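What follows is the residue order along each chain.
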Amino acid sequence: KRLDLVWPQLFPKVQGSNDRKMRRSAFCAAVSGLVFIGACTFLISTPWGLALYLDSLVYIGVARSILNGDGIYFLNDVGALAPVTVYPPLYSVMIAAFSMFGLDPVDGVRATSTFFFAANAALVAFIIYRATSSKVAALLASYLALSAFPMVHIHLQALSEPMFIFLSFSGFCFLVVYLSGGQPRMLYWAALTIALSSLTRYVGIATILTGTAAILWFGKQYWQKKLIDAVLFLGLSSLPLFGWVLRNYFVAGNTVHRTFGFHPPGLMDLVPATDTICQWLLPVGWGASTPWENRVIVGAVFLSLAWMCAKIGFPRSRHAQVAGLSVLIYCGFLLICWTIIDQATYFDTRTLAFPYVGVMIVAVSIVTHWLRAVRPQTKSWRWLGFDCLIITILMAQSVMGVSWLHESYSNGLGFSLERWRRSELMQFVKTVPFSGAIFSNVPDYIYTITGTRASMIPRKIDSNTVLPNKRYADEITDMKERLSKGNGFILYFDTESRLWFLPSKDELEKKLPLQVIKTAVDGTIYTLRNPTAVVDQEKTVGELR
């Protein structure tokens, strides 16, 4: 007992170091526990798989193509593998990497999203702790990354945004270490990580520009050294994307499959972006009949943050400064794309997920530094009310996040993988050996889930121009010939999203001599009216039943 009393007096530095290590270990354990609980909750909430959209099918299909040794390819309309250029490759490569551990790609995408759900929450906690030196702020920010609607929404979908966010802000962390006097290799690590982000999403060009601007603006060296570092960073981080674009040009004849024009957005075109920002703080659907009230509330919150900045100044942390700069450059890049690229740009929850993380880092840093500067040590009712307001904001964000997790657990979201995998027609594709052509209104779904190649039913309407397809009659004739050669099938899924530009079942039956060989809950299987082929195919279907 005497030794315990005397030890701190004899060795105060050792005692303080041990206390700091214990507190740091406790903090790391708290963040790890919170992230682990969040990852487990995410897994439990996705029994049907992640929500599928058209982009998701390409990502998973490319991963399956990689595992099959075919490279970065996906099906075209005639059922042949064609090189993919409209999407960068890295997210599909990551799905394939997870699938190498014995998972099917449709399960690998769920594992990938779970990993980045946990990794992004841990990364946000690290950034906030480095920016504020506050363990409480870091834990609250990690909680937001696990429960806020924008983060839950993008991780529940088979999309590349979670991976893009992780790589971008990881690259910014390396860059901040270098800007703070770190070793030169940190600049190379930053360039590599941000280069990978641009291979995940093309909008990663904005993160390359952010890194370049941060070196020029925040660097401590003389201007010649900053200019050399900026050029070096720009070249290294752009090189992989440049190589990918060259591959696209030589393999597919185009770079990123985009067309260009000039159509700057009007002021009213940007109004939906404010509704997306409202979802950062308020539950979806709350005050839907009076959207301007939501915008006033969100505007008041942003004005409050601006007032705090006016009182104490913008946070001096390089993490917060680079995060704020990344949001400005990212949004500016989106506006430029809207102006010059013909492909539609939407300021929805998916597109603004990256700015949400940046704004959250800046907002938490501002509030933490403001509280540290003005909050007294003594308790008061006024500060208790402020604490209640912060808790209310946190709970308001969590309501929609929890609601989406519950919906995913109960019914699945979008085109969930498990429902398609249990489809009767999908089971038919998996079990019946095909000797002829397969046509379907969802060939991409068939390839994504089963790995079987199918061709698209001829389009009655061109989905790009919304005009009648001039080659429709010729394509119907070609489909008839291909079906007759090898006793092929037509698998027509009852999927509303694919009906508007394709002929209906009745129209196909009038155009072709079709024979129904199986009617399922989710669609119909046809073949041409050929007596010999029909007998053989009906026998096969009967055995499956």
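Right above here is the structure, for reference.
Presented here is an overview of the structure given in this document. It should be emphasised that the depicted structure is a prediction, and the values quoted were computed from it without experimental measurement.

Parameters at a glance
Residues numbered from 1 in each chain as written. Predicted model: local features only at pLDDT ≥ 70, side-chain atom pairs only at ≥ 80, totals over all residues. Heavy atoms only, no water. Helix = DSSP H or I, 4+ residues; strand = E, 2+ residues; numbered from the N terminus. Buried < 20%, exposed > 50% of the residue type's maximum accessible area, 1.4 Å probe, protein only. Contact = heavy atoms within 4.5 Å. Areas by Shrake-Rupley, 256 points an atom, 1.4 Å probe, with all protein chains shown as cover. Lys, Arg positive; Asp, Glu negative; His and termini not counted. Charge placed at Lys NZ, Arg CZ, Asp CG, Glu CD. Pairing = 2+ DSSP bridges. Phe/Tyr/Trp six-rings, centres within 6.5 Å; stacked < 30°, edge-to-face > 60°. Lys NZ or Arg CZ within 6 Å of the ring centre and 35° of its normal. Axes fitted to C-alpha atoms, helices over the stretch in contact; angles between N-to-C directions. Parallel < 35°, antiparallel > 145°, perpendicular 65-115°, else oblique. Left-handed = near helix turned anticlockwise from the far one by under 90°. Nonpolar A, V, L, I, M, F, W, Y, C, P; charged D, E, K, R; others polar.

### Notes on the overall build of the protein chain
Helix and strand content of the protein chain: 22 helices and nine strands. Seen through its principal axes, the protein chain has C-alpha atoms that stretch 100 × 55 × 50 Å. By the burial criterion, 48% of the 545 residues in the protein chain qualify as buried. Residue pairs in contact within the protein chain that sit at least 24 positions apart in sequence constitute 72% of those at least 6 positions apart. By element, 64% of the accessible surface of the protein chain is carried by carbon and sulfur atoms, the whole surface being about 27000 Å². Considering the protein chain, the positive charge centre built from 47 side chains and the negative charge centre built from 33 side chains are found 16 Å apart.

### Some remarks on unusual backbone geometry
The backbone of Ser133 shows a phi angle near 60°, a positive value even though the residue is not glycine. As for its position among the elements, Ser133 is in the loop between helix H5 (105-132) and helix H6 (135-147). Note on Ser133: relative accessible area 56%, which makes it exposed. Residue His257 is not a glycine yet carries a positive backbone phi of 55°. Tracing the backbone through its elements, the reader meets His257 in the loop between helix H11 (223-252) and helix H12 (271-278).

### What to know about the pairing of strand E9 (residues 523-528)
For E9, the buried fraction is high: six of the six residues fall into the buried class. Because side chains alternate across E9, one face comprises the buried residues Gly523, Ile525 and Thr527, and the other comprises Thr524, Tyr526 and Leu528, equally buried. Examined bridge by bridge, strand E7 (residues 489-493) and E9 share four bridges and lie antiparallel to one another. Across the sheet, the residue bridging to Phe493 is Gly523, located in E9. Examined bridge by bridge, strand E8 (residues 514-520) and E9 share six bridges and lie antiparallel to one another. Residue pairing across strands places Gln515 opposite Thr527, the latter belonging to E9.

### Focus on the packing of aromatic side chains
A complete count under the given rule lists 23 aromatic pairs for this structure. Ring geometry for Phe169 versus Phe172: centroids 5.6 Å apart, planes at 85°, classification edge-to-face. Separated by three residues within a single helix, Phe169 and Phe172 lie in helix H8 (residues 161-179), roughly one turn from each other. On the basis of relative accessible area, Phe172 is assigned to the buried category, the value being 4%. Ring geometry for Trp280 and Tyr356: centres 5.4 Å apart, planes at 70°, overall edge-to-face. Of this pair, Trp280 sits in the loop between H12 and helix H13 (291-312) while Tyr356 is found in helix H15 (residues 353-374), placing the two residues 76 residues apart along the sequence. One aromatic cluster is present, formed by Phe164, Phe169, Phe172, Tyr330 and Phe354 through successive ring pairs. It is Arg201 that lies over the ring of Phe164; its NZ or CZ is 5.4 Å from the centre.

### A few points about the sheet that holds E7
With mixed pairing, five strands are arranged side by side in an open sheet as E4-E3-E7-E9-E8. This sheet does not close on itself; its edge strands, each paired only once, are strand E4 (455-456) and E8. For strand E3 (residues 438-440) and E4, the ladder comprises two bridges, and the chain directions are parallel. Residue pairing in the sheet places Ser440 in a bridge with Met456 of E4. Along the sheet, helix H18 (residues 424-431) makes contact with E7, E8 and E9, crossing E7 at roughly 155°.

### Brief notes about the packing of helix H3 (residues 54-67) against helix H4 (residues 90-99)
Contact pair H3 / H4: the axes reach a minimum separation of 8 Å and the direction vectors enclose 55°. Taken as axis vectors, H3 and H4 run oblique relative to one another. Here H3 runs over H4; the crossing is right-handed. Counted together, Val58, Tyr59, Val62, Ala63, Ile66 and Leu67 of H3 and Tyr91, Ser92, Val93, Ile95, Ala96 and Ser99 of H4 form the full contact between these two elements. Of the residues belonging to the contact of H3 with H4, the class tally is ten nonpolar, two polar and no charged.

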